[in-house]
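The primary structure of each chain is shown beneath.
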Amino acid sequence: MVVKELLLKYGCNPNQSKARIYSKIGELPIEVLNGRPGYINFLDAFNSWQLVKELKEATGLPAAASFKHVSPAGAAVGLPMSDVLKKIYYVDDLALTPLATAYARARGADRMSSYGDFVALSDICDKETAAMLVREVSDGVIAPGYTEEALEILKTKRKGTYNIIKIDPSYIPEIQETKDVFGITFEQDRNEAKITSELLVNRPTVNKEIPEDAVRDLLIALITLKYTQSNSVCYVKDGQAIGIGAGQQSRVHCTRLAGNKADNWWLRQNPSVLELPFKDSIRRPDRDNTIDVYISDDYEDILADGIWEQFFTEKPAPLTREEKKVWLHKLHGVSLGSDAFFPFGDNIERAHRSGVEYIAQAGGSIRDDNVIETCDKYNIAMAFTGLRLFHH
């Protein structure tokens, strides 16, 4: 049943006891098919739905997003995956439709951050996507619809309390949006900027070649950033975000954070990681946590005598810093987007270390010349979009 108002259990925190969502004009464009979504659930749902809707419009491919605390942990479109990716995303035993593949990519990019996520799907949820969702720790899902089989599967999750939201895909909000802070109402026009390849025409670097797949990835990065808490930077490869740095006060810290996540995504594909002798009893979230420590400089935390026996059937050799460096040097063809200009070339230096070859950023810094010069140093092709994408 479509309604104009929904009362919520509480707001961001339990002490904020009076909470609701409502439509000032007309009815809410959503229907809760199962569960009782909360305040933060709806914030994630509406932000993530806009993201996947725009990804589908920009690429023509089914899209999915994995959201946590009003920023994406992952976003992707439904391109085929390698056997290695299927293995590290734990979907090598599942039938995969394009939509299921999109969510596998979105969830798999940063599995630790995606733990307990809210999911957005651009298309009607099919049984293959539902079968994947039901195996993961997740708070809920929003989609334009669900097949009968998918709905039956999802209603079994979390002892029947899994949050399932259906949204009207034709819904268009009012152009003006408001929010209250400290009793003061803010009003602005919605950010309805269209992210298209036309934004990538101005290429001030010596290298101006951006192939079609990189154009697609840059558009994915920019659309993802449009719904990521600023400052933000996004690394994308083969149709999926592989590292998102959100909500940092310093842009280079965004670049480092996102770059470290991209590095971890690539290190998880290293043969030594793929061959870790986990005990059969180790659950997927615990495997993810263990792998994260194993590929870090703190690997002794899980490889010390008396500890490794909890996870492995035999003690693995550590992945040394030199081995990691050699492996990371093989990462190429990464695209990077920034929600505003890069003020210094140090961002490019860090991006280069994570295989970035294509960049889209707003431009307009007084140090643009230094940023361009650093790109030219590494033969990186960069586009100035002239569009800032702050999101708060």
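Structure shown above.
Read on for a plain summary of the structure. (Residues numbered from 1 in each chain as written. Predicted model: local features only at pLDDT ≥ 70, side-chain atom pairs only at ≥ 80, totals over all residues. Heavy atoms only, no water.)

## Focus on the nonpolar core
Inference 1: Grouped together as the largest cluster of nonpolar side chains are 66 residues, with contacts concentrated most on Leu-121, Val-141, Leu-154, Tyr-235 and Ile-359.
Inference 2: If we ignore the near neighbours within four places in the chain, the residues touching Leu-154 are Cys-125, Ala-130, Leu-133, Val-141, Tyr-146, Tyr-162 and Ile-164.
Inference 3: Listed in part, the 47 residues of the second largest apolar core include Leu-28, Ala-45, Ile-223 and Tyr-227. (Core = buried A, V, L, I, M, F, W, Y, C linked by side-chain atoms within 4.5 Å. Buried < 20%, exposed > 50% of the residue type's maximum accessible area, 1.4 Å probe, protein only. Contact = heavy atoms within 4.5 Å.)

## Section: unusual backbone geometry
Inference 1: In this structure, the amide linkage connecting Ser-230 to the following residue, Asn-231, adopts the cis form with an omega of -5 degrees.
Inference 2: By secondary structure assignment, the location of Asn-231 is in the loop between helix H7 (212-226) and strand E11 (232-237).
Inference 3: Despite not being glycine, Val-70 has its phi angle at roughly 65 degrees, a positive value.
Inference 4: Along the chain, the position of Val-70 falls in the loop between strand E4 (63-68) and strand E5 (71-77). (Helix = DSSP H or I, 4+ residues; strand = E, 2+ residues; numbered from the N terminus.)

## Examining the packing of helix H8 (residues 251-267) against helix H12 (residues 321-328)
Inference 1: In the contact formed by H8 and H12, the axes pass within 10 Å of each other and the chain directions differ by 95 degrees. Comparing the axis directions of H8 and H12 gives the class roughly perpendicular. Every residue of H12 that contacts H8 at Asp-263, Trp-266 and Leu-267 is listed here: Lys-324, Trp-327 and Leu-328.
Inference 2: Split by residue class, the contact of H8 with H12 holds four nonpolar, no polar and two charged. (Axes fitted to C-alpha atoms, helices over the stretch in contact; angles between N-to-C directions. Parallel < 35°, antiparallel > 145°, perpendicular 65-115°, else oblique. Nonpolar A, V, L, I, M, F, W, Y, C, P; charged D, E, K, R; others polar.)

## Quick notes on the environment of Met-81
Inference 1: Structurally, Met-81 is set in the loop between E5 and helix H2 (83-88).
Inference 2: You can call Met-81 buried: its relative accessible area is 11%.
Inference 3: For the pair Met-81 and Ala-102, spaced 21 residues apart in sequence, the C-alpha separation works out to 9.6 Å.
Inference 4: Other than its neighbours up to four places away in sequence, Met-81 contacts Lys-86, Tyr-89, Val-91, Leu-96, Thr-101, Ala-104 and Arg-105.

## Here's the deal with helix H3 (residues 98-108)
Inference 1: Counting buried residues along H3, ten of its eleven residues qualify, which places the element largely inside the surrounding structure.
Inference 2: Every buried residue of H3 is accounted for by Leu-99, Ala-100, Thr-101, Ala-102, Tyr-103, Ala-104, Arg-105, Ala-106, Arg-107 and Gly-108.

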